[in-house]
Amino acid sequence: ISRLNILNAAFLAMKRAVENLKLTEDEFKRAHILVDGNMSIRGLTGVKQTPIVKGDQLEKCISAASIVAKVSRDRE
């Protein structure tokens, strides 16, 4: 975070997470990533992305991911 800043570190983490999914090339091309915020994941190509402002309030899957992430962080 101190090297990249919080925003760039978050985008790098998101990019790595998506790239490490165990998807076939066809599944990856058909995937659609919903991003909570107003920007797409930088440097992530070959997959559709939709940034959604206040996505955690508007999309159930983003809300669920936020809860899972918080519980995981709390357990650490």
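Predicted, not measured: the structure shown is a model, and the values here were computed from it.

Undergrad: How would you summarise the side chain of Gln49 if you had to cite specific residues and measurements?
TA: One can find Gln49 in strand β2 (residues 48-52). For Gln49, a relative accessible area of 18% translates into the label buried. A distance of 2.5 Å separates a polar side-chain atom of Gln49 from the backbone nitrogen of Ile41. Apart from the residues within four sequence positions on either side, Gln49 is in contact with His32, Ile33, Val35, Ser40, Ile41 and Leu44.

Undergrad: Just give me the short version of the environment of Ser72, but keep the residues and values in it.
TA: Tracing the sequence through the fold places Ser72 in helix α4 (residues 60-75). Classification of Ser72 by relative accessible area gives partly exposed; the value is 39%. C-alpha of Ser72 to C-alpha of Ile33: the two residues are 39 residues apart in sequence and 21 Å apart in space.

Undergrad: Report on a nonpolar patch on the surface, specifying residues and quantitative values.
TA: A contiguous nonpolar patch, built from Ile1, Ile6 and Leu7 and spanning about 320 Å² of accessible area, is present on the exposed surface. Structurally, Ile1 is set in the segment before α1 (6-19).

Undergrad: I'd like to hear about the environment of Ala31, residue by residue, with values.
TA: Position of Ala31 relative to the elements: it lies in the loop between α2 (25-30) and β1 (32-36). Overall, Ala31 belongs to the buried group, its relative accessible area being 18%. C-alpha of Ala31 to C-alpha of Glu19: the two residues are twelve residues apart in sequence and 12 Å apart in space.

Undergrad: Could you give me a rundown of unusual backbone geometry, with the residues and numbers involved?
TA: For Asn5, which is not glycine, the phi torsion reads 90 degrees and is therefore positive. Assignment of secondary structure puts Asn5 in the segment before α1.

Thresholds, definitions, all that
- Residues numbered from 1 in each chain as written.
- Predicted model: local features only at pLDDT ≥ 70, side-chain atom pairs only at ≥ 80, totals over all residues.
- Heavy atoms only, no water.
- Helix = DSSP H or I, 4+ residues; strand = E, 2+ residues; numbered from the N terminus.
- Buried < 20%, exposed > 50% of the residue type's maximum accessible area, 1.4 Å probe, protein only.
- Polar contact = N/O pair within 3.5 Å; in protein donor to acceptor, adjacent residues only side chain to side chain.
- Contact = heavy atoms within 4.5 Å.
- Patch = residues over 30% accessible without salt bridge, like charges linked within 9 Å, V, L, I, M, F, W, Y side chains within 5 Å.
- Areas by Shrake-Rupley, 256 points an atom, 1.4 Å probe, with all protein chains shown as cover.
- Salt bridge = Lys/Arg side-chain N within 4 Å of Asp/Glu carboxyl O.

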